[in-house]
Every structure is written in structure tokens, then in C-alpha cells.
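Residue strings, one per chain:
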Amino acid sequence: MNPALTKIGAQMSNLTGVRAIMKDIIETLRAGAGQQFINLSAGNPLILPEVEQLWRDCTAELLASSEYGEVVCRYGSSQGYAPLIEAIADDFNKRYGLNLSDRNILVTPGSQSLYFYAANAFGGYTNSGELKQIVLPLSPDYTGYGGVCLFPEALIAYKPTLDIDATAHRFKYRPDFSQLSITESTGCVILSRPSNPTGNVLSDEEVKKIAALAAPYDVPVLVDSAYAPPFPALNFTEMMPVFGGNIIHCMSLSKVGLPGERIGIAIGDENLIHVLECFQTNLCIHPSRYGQAIAARAINSGALVEISKTVIRSFYQNKFTILESTLDATMPKDLPWFLHRGEGAIFAWLWLQDLPITDWEFYQQLKQVGVIVVPGSTFFPGLQEEWQHKQQCLRISLTGTDEEIATAMQRLAKVAEEVYQRASVSV
Ligand SMILES: Cc1ncc(COP(=O)(O)O)c(C=O)c1O
């Protein structure tokens with residue numbers, strides 16, 4: 001069968017960004033049967049025993065309760081499972097001094113779907129044919145935003161400015177407010193904080209400034225908080241979630257051990273939440289309720305916040321420390337390498353300035369020494385302009401053992417040294 005596809009059908013049956021690289025990685029792993037690879041490509045969190053135990057305990061409680069039948073044997077509200085919505089409202093009202101009601105909260109099947117609803121409810125063509133843009137204020141950002149727009153021409157990303165500490169071999173991206181344009185043609189703004197792929201955390205002031213630029217046009221700003229506090233609390237630097245006005249605070253339970261249950265949460269103005277809820281009703285009626293029921297228990301008991309702070313954060317922060325200290329010890333001092341400041345998430349982002357080959361070629365050479373990372377150029381969805389920096393970065397996932405991360409960085413340092421050396425010989 002080879003059915004004719006619509007424009008949307010053709011586009012949505014294409015893999016974008018990192019998913020396309022994953023295909024190459026899977027084929028590499030298959031073809032190299034017997035060869036040991038250190039695979040630091042995935043964004044899949046590791047299974048931490050304490051976290052798994054928490055979900056086992058919550059499941060046991062649910063199974064033993066009279067609630068079980070209601071959870072799995074009945075349809076429910078499109079907005080999400082009421083006990084989970086109540087648990088979030090109670091917790092966030094207390095924790096952040098908010099005044100949320102159930103009408104400010106929507107639960108979705110994973111947060112990826114939330115960006116799909118928003119990108120297409122607020123971005124794309126209006127009834128009068130005007131194109132509303134989906135603005136990513138700081139590129140690089142999460143590749144998944146590239147796949148959620150039914151009208152890809154709506155996606156616009158902006159180059160950041162770079163804060164470079166040359167002696168320390170560190171750098172940090174900042175939004176370039178001199179370029180960022182949010183106007184009546186903007187449909188919505190999306191950013192991740194902490195960021196996948198870079199671990200960057202925009203300051204509270206930067207987020208408020210972006211929201212203030214969008215507010216006069218009634219443009220929603222989705223702050224993707226998949227790694228933010230209070231859970232999974234994968235911030236290694238101080239940050240406060242920002243609520244209110246045109247901000248839709250978006251969360252995910254994937255990094256607190258429930259990626260398989262697909263739970264995303266949006267908190268925002270009730271009119272915005274209503275639009276997204278209707279989109280969801282049309283698409284899938286409502287998300288699965290089993291994961292929501294166990295999440296409600298873990299939030300009400302306080303265990304989810306506690307385990308995030310005491311187990312999940314320190315686990316990944318320690319991985320980042322191993323990665324950066326190995327690079328500091330093994331990368332040649334005279335090479336222009338810069339590690340993005342590790343402010344959060346489960347990745348490290350390495351910039352090899354003036355890299356004599358492309359990021360894709362560097363990725364291939366690393367595979368030759370048994371190390372798999374992700375070429376950085378896949379993380380610039382919506383950034384049309386040419387920028388050599390796009391081909392000079394790598395995303396390294398912190399999801400290996402301590403030994404794997406150290407060994408992989410030693411091998412990477414060697415490959416980098418050879419690559420720059422070969423280029424200087426041939427000049
Ligand atoms: C920044 C960011 N946003 C959203 C997602 C999607 O998460 P999920 O759909 O599992 O909630 C991910 C997944 O890795 C992510 O890194």
C-alpha cells in the first residue's frame with residue numbers, strides 16, 4: 001500500500017530533529033553487535049531505585065483502594081483526573097502563594113502533546129489567512145518543538161548572545177533582546193527552562209521580560225518546565241518558576257520516573273487552559289488515569305518533591321561534575337572548547353569553536369572510538385539563518401554510569417585533539 005498523503009500527512013510522517021539521528025544510532029548499535037558502545041545520546045532518564053520504589057508503593061496503595069475501579073474502568077473529565085488537579089492546586093498554592101483553582105490546570109498525555117495543542121491552537125493561519133508565528137526566543141532549544149507545528153513555516157527561532165569565559169572554557173547563552181521580535185504576528189512563545197539540550201536556565205528576570213514583551217498582544221508564553229522545580233527539580237542553580245498573566249507553566253512527570261505513563265501538566269489563565277482542553281477533547285478525550293492517580297498520591301504525601309530534591313537532582317548533578325572535571329583534566333588547554341554552564345537538566349552541551357569538520361562528522365568519528373552523542377545541529381529548530389556555531393556543538397546525555405561518562409570524555413578529548421591537529425597540519 002502506498003496511499004497518497006496530504007501535505008500534513010507527509011510532514012507528520014517525517015521524523016524530525018533528534019528522532020532522525022536516533023535511527024542512525026539504532027542502526028549503528030545493531031550493526032556493531034559485539035562492539036561495546038558508550039551511548040550518551042538518549043534523553044531517556046535512568047531508573048533510580050528509590051524513584052521506582054515510590055511508584056511501586058503508590059501503585060500498591062491504589063490497587064488496595066476502592067478508587068481503583070473508578071480510575072481504570074471509567075472515562076473521566078477531559079481536563080484530567082480531579083484528585084491530581086486538586087493535589088497540584090493545593091501544593092502550588094501553598095508552595096508559591098498562588099490562588100489556583102481547578103480551572104487553571106490541564107493534564108495531558110505527556111507534555112509533548114501540550115506543545116502540539118498550543119503550537120496549533122495559537123500558531124499557524126488565522127481565519128483571515130494571517131500567519132501567526134511560534135517564537136522560540138533562544139535557539140538552540142528542544143528539538144521536539146520542530147515536530148509539533150502543522151505549519152512549519154510558522155516556527156521562528158532567534159540566535160542568542162554568548163557569554164564566554166575563555167580561561168575557564170565555559171560559556172552560557174542569553175536571549176538577545178536586541179533581536180527578539182514579538183508582535184501582533186506572534187501566536188505563542190515557547191522556551192525550555194532548564195533547557196534541553198544545553199542545561200541553560202534563563203533568569204527569572206529574562207522570563208518576566210519575555211512575558212512582558214508578549215503581554216500587550218495577548219500572546220501566551222509557554223515555559224517548558226520539564227526539568228524545573230518543584231519536581232523533578234533538575235536545576236543546579238537557583239530559579240523560581242514564574243506564574244500568572246500570559247505565562248503557561250508546563251510540566252512533565254517524565255523525569256520523575258513516569259515517562260511511560262505520559263503525564264504533562266499545564267498551569268495558566270483559565271481561558272488559555274480552556275482552549276487547550278478543547279483541543280485535547282477533540283484529539284484524545286483525556287489522558288490515561290492510572291499514572292495520574294499514583295501521581296496524586298505522591299504529590300499529596302510530599303514524597304515526589306522530597307525525592308526530586310534529595311535523589312534525582314543530586315544524581316544528575318554528580319554526573320555533570322564527573323563530565324566537567326574529566327573534560328577539564330583531558331581537553332587540551334589551547335583548544336577553543338567551551339562547555340555550557342551546567343545549570344540543570346540531564347545533558348551537557350559542548351561547543352567546539354572553529355571545529356574543522358562538521359558536528360555530524362565529529363559524531364561519526366566518536367562512534368569509531370565507541371562513543372555515541374548527538375550532533376548539535378539538530379537542536380536549532382526554526383533558526384533559518386546560517387550560523388557556523390550550529391555545526392560546532394554536541395549534546396552529551398548524563399545518562400551513563402560514572403565510569404562510562406569519564407571514559408567517554410577521555411576519548412572525546414583525544415578525538416578533538418586529533419581533529420584540530422590534522423586541520424592545522426593540512427593548512
Ligand atoms: C524540554 C522538554 N520538553 C518536553 C519533553 C517531552 O516530554 P514528555 O512528553 O515526556 O512530557 C522533553 C522530553 O525529553 C523535553 O526534554
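These numbers come from a predicted model, not from an experiment.

## Digging into helix H8 (residues 204-214)
Where H8 is concerned, the buried positions are Val207, Ile210, Ala211, Leu213 and Ala214. When H8 is viewed along its axis, its buried side chains cluster within an angular range of 160 degrees and face the same direction. Looking at the buried positions of H8, the neighbouring elements they touch are strand E8 (186-192), strand E9 (221-224) and strand E10 (247-252).

## Brief notes about the site of the ligand
The ligand sits among 14 residues. The nearest are Gly110, Ser111, Gln112, Ser252 and Ser254. The residue inventory of the shell around the ligand, partitioned by class, reads 3 nonpolar, 10 polar and 1 charged.

## Structural notes on the UniProt feature "domain: Aminotransferase class I/classII large" (unreviewed entry) in the protein chain
Look at the UniProt record and you will see "domain: Aminotransferase class I/classII large" (unreviewed entry) annotated at residues 37-412. End-to-end, the C-alpha atoms of residues 37-412 are 13 Å apart, and along that stretch the chain is 37% helix and 18% strand.

## Re the packing of helix H3 (residues 49-64) against helix H11 (residues 303-330)
Look at H3 against H11: their axes get within 10 Å of each other, and the N-to-C directions meet at 170 degrees. On the basis of their axis angle, the class for H3 and H11 is roughly antiparallel. Only Ala303, Ile307, Val311 and Ile312 of H11 make contact with H3, whose side of the interface consists of Glu50, Val51 and Leu54.

## A short note on the domain arrangement of the protein chain
Many structure descriptions define interface size as the accessible area lost when the parts assemble. Taken domain by domain, the protein chain comprises domain 1 (7-49 + 307-426) and domain 2 (67-304). Averaged C-alpha coordinates put domain 1 and domain 2 at centres separated by 25 Å. Taken together, the contacts link 40 residues of domain 1 with 42 residues of domain 2. Looking at the side of domain 1 that touches domain 2, the elements with two or more residues in it are helix H1 (7-12), helix H2 (17-31), H11, strand E12 (337-340) and strand E13 (347-352). Element by element, the count of residues in the side of domain 1 that touches domain 2 is highest for H11, at 8 residues.

Rules used in this analysis
Residues numbered from 1 in each chain as written. Predicted model: local features only at pLDDT ≥ 70, side-chain atom pairs only at ≥ 80, totals over all residues. Buried ≥ 20, exposed ≤ 12 C-beta atoms within 10 Å, placed from the backbone. Helix = DSSP H or I, 4+ residues; strand = E, 2+ residues; numbered from the N terminus. Arc of directions from axis to C-beta. Contact = placed C-beta atoms within 7 Å. Near = placed C-beta within 6 Å. Nonpolar A, V, L, I, M, F, W, Y, C, P; charged D, E, K, R; others polar. UniProt positions renumbered as here; feature names shortened; annotations may be inferred. Axes fitted to C-alpha atoms, helices over the stretch in contact; angles between N-to-C directions. Parallel < 35°, antiparallel > 145°, perpendicular 65-115°, else oblique. Domains from an automatic or database assignment.

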